[in-house]
Each structure stands twice: as structure tokens, then as C-alpha cells.
Amino acid sequence: ALPVDVCRLANLTDLQLSNNLMTGLPPEIKLLDQVIDLSLEDNALISLPPEFGDCTSLTRLTLAFNNLISLPVELTKVGELRFLSAHHNKFSEVPECINRTTSLIT
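Residues numbered from 1 in each chain as written. Predicted model: local features only at pLDDT ≥ 70, side-chain atom pairs only at ≥ 80, totals over all residues. Heavy atoms only, no water.

Novice: Whenever I open this one, the sheet that holds strand β1 (residues 14-16) confuses me. Can you help?
Specialist: Backbone hydrogen bonds hold the strands of a sheet together, and the pairing may be parallel or antiparallel. On the basis of which strands lie adjacent, the open sheet formed by four strands has the order β1-β2-β3-β4 and parallel pairing. Strands at the two margins of the open sheet, each flanked by one partner only, are β1 and β4 (83-85). Recorded for the sheet is a direction-independent mean angle of 5° between the axes of neighbouring strands. (Pairing = 2+ DSSP bridges. Helix = DSSP H or I, 4+ residues; strand = E, 2+ residues; numbered from the N terminus. Axes fitted to C-alpha atoms, helices over the stretch in contact; angles between N-to-C directions.)

Here is the structure:
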């Protein structure tokens, strides 16, 4: 899991956490409200906490190659999100929040 202390790095804007075998993220992820680019690809994530919606500066999110079965609807609150990569997960259908996130560039 992501150490909570990382979430307290208030001025962090780019966080690359790929290939770490993480299975989850703490609710304190919401403290990373300055992060613009977050890469979580190739871990073992099964879900994202709803607090993810508080990462309001996020413009690029990479979630590919995990074990996600859904995405939190709160992701729609990330109004700056332009790029989302979530391929190679375990979605049975397109997560609802993707259709409702109007800032994504298609």
C-alpha cells in the first residue's frame, strides 16, 4: 500500500507509482490535491477510494494493468482530468464515471 506519509507531500505535482504491487490506496490520497500527473499502472489495485475525487488538479491518470473492476463515481469531480488510461483491468463494462467526466479529451 502507498505509505500515508507520501500523501502529505503537499507540493508534489508528479507522482509515478508504477510497478509496485500495490493493492490499494489510503483515503489520505485526497491530500495530493496538487498532483497533476499520477501513474499507478502495473500494480494490483482492485479499487480506488472515493476520496480520489478530491485530487482536483489531476489532469493525467494512468491506471492500466491493474485489477480494477470499477472506478469511483467521485472521479467525475476531478474537473481538470484530460487523460485517463485504464486498459487491461477487469471492467465488465465501461465505468459510469467515464461517461460522466466531461473534461476527458476523446
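Novice: Whenever I open this one, the pattern of salt bridges confuses me. Can you help?
Specialist: In a structure, side chains of opposite charge can pair up when their charged atoms sit close to one another. The full count for this structure, using the stated rule, is three salt bridges. Residue K77 is joined to D54 by a salt bridge in which the shortest nitrogen-to-oxygen separation is 3.5 Å. Linking K77 in the loop between β3 (60-62) and β4 with D54 in the loop between β2 (37-39) and β3, this pair joins segments that are 23 residues apart in sequence. K77 gets classed as partly exposed once you look at its relative accessible area, which sits at 47%. (Salt bridge = Lys/Arg side-chain N within 4 Å of Asp/Glu carboxyl O. Buried < 20%, exposed > 50% of the residue type's maximum accessible area, 1.4 Å probe, protein only.)

Novice: Please explain the nonpolar core as it appears in this structure.
Specialist: Taken as a class, soluble globular proteins show a tendency for nonpolar side chains to be buried jointly. Membership of the largest hydrophobic core comes to 27 residues, with the highest contact counts inside it found for L25, L38, L40, F52, L61 and L63. In this structure, F52 is in contact with L25, I29, L38, L40, L58, L61, L75 and V78, ignoring residues within four places of it in sequence. (Core = buried A, V, L, I, M, F, W, Y, C linked by side-chain atoms within 4.5 Å. Contact = heavy atoms within 4.5 Å.)

Novice: Which parts of the structure should I look at to understand the side chain of N66?
Specialist: With respect to the helices and strands, the residue N66 is situated in the loop between β3 and β4. Setting aside anything within four residues of it in sequence, one finds N66 in contact with L40, E41, D42, N43, A44, L45, H88 and N89.

Novice: I'm lost on the environment of S57 in this one. Help?
Specialist: Inspection of the secondary structure puts S57 in the loop between β2 and β3. Counting along the chain gives 51 residues from S57 to V6, while the straight-line C-alpha distance between them is 17 Å. With residues up to four places along the chain from it excluded, the contact list for S57 reads D33, Q34, V35, I36 and E80. Within the structure, S57 has its side chain in polar contact with the backbone oxygen of D33 (distance 2.7 Å). (Polar contact = N/O pair within 3.5 Å; in protein donor to acceptor, adjacent residues only side chain to side chain.)

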